[in-house]
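Listed below are the residues making up each chain.
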Amino acid sequence: MTTRILCVCLGNICRSPMAQGVLERLGREAGLDLEIDSAGLGSWHVGNPPDPRGLTAASMRGYDNSAQRCRQIVEEDFRRFDLIFGMDQSNMERLRRLAPGGARATLRLFHPDGIEIPDPYYGNLEDYDHALDLIEAAGAAIIGELAARRPG
Ligand code: 4NP
């Protein structure tokens, strides 16, 4: 059965696109049946590709996130996805407020150790690289957890 995962950040151009790329690759390598998407809480960048600095940081590690396009989260996402991950506590607060009654999705902070993925938008390439370090560590833990729960 497909597990549907949505990665959410504020703008959907920096952190959540990188998180999507990491989960897609690790999930594929683990042979898991996953559908991964990402979305933003804000609408500023809807329709745009990820931030070029994030694309560069990710491509240096072999990810190609260039086909992704920014979208804003919609109420239906809370019914469609099994897991919705926020990148920081502010994302989590907004997700909890947006979640409709009877939502299917479990809301969780992306990093399982309670670490927030810092917003690199006002930073430089090093900040994207640091965010990606944390995203890769969190992504490996998430995929490990899902692989352990795999039936059969
Ligand atoms: P993200 O970073 O939430 O990691 O995509 C941001 C991108 C854009 C803005 C804020 C955060 N913005 O205000 O436009």
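Attention here is on the structure that accompanies the text. (Residues numbered from 1 in each chain as written. Predicted model: local features only at pLDDT ≥ 70, side-chain atom pairs only at ≥ 80, totals over all residues. Heavy atoms only, no water.)

A separate point is the environment of G86. Examined against the element boundaries, G86 turns out to sit in strand β3 (residues 83-86). Residues G86 and V8, spaced 78 residues apart in sequence, show a C-alpha to C-alpha distance of 5.0 Å. Residues contacting G86, with those up to four places away along its chain left out, are V8, N91, M92, L95, R108, L109 and F110. (Helix = DSSP H or I, 4+ residues; strand = E, 2+ residues; numbered from the N terminus. Contact = heavy atoms within 4.5 Å.)

All right, on to the site of the ligand then. Near the ligand, the surroundings consist of C9, L10, G11, N12, I13, C14, R15, W44, H45, D119 and Y121. Within the backbone of I13, an N or O atom sits 3.1 Å from an oxygen atom of the ligand. R15 is positioned such that a nitrogen or oxygen atom in its side chain is 2.7 Å from an oxygen atom of the ligand. Contact with the protein chains removes 93% of the 350 Å² of surface that the ligand exposes when unbound. For the shell around the ligand, a count of residues per class yields six nonpolar, three polar and two charged. (Near = heavy atom within 4 Å. Polar contact = N/O pair within 3.5 Å; in protein donor to acceptor, adjacent residues only side chain to side chain. Areas by Shrake-Rupley, 256 points an atom, 1.4 Å probe, with all protein chains shown as cover. Nonpolar A, V, L, I, M, F, W, Y, C, P; charged D, E, K, R; others polar.)

Covalent bonding between the sulfur atoms of two cysteines defines a disulfide. Enumeration according to the criterion identifies zero disulfides in this entry. Lacking any disulfide linkage, C7 is separated from the closest cysteine sulfur, that of C9, by 9.0 Å. Note on C14: no disulfide assigned, nearest cysteine sulfur contributed by C9 at a separation of 6.7 Å. Residue C14 is classed as buried on the basis of its relative accessible area of 5%. (Disulfide = S-S within 2.5 Å. Buried < 20%, exposed > 50% of the residue type's maximum accessible area, 1.4 Å probe, protein only.)

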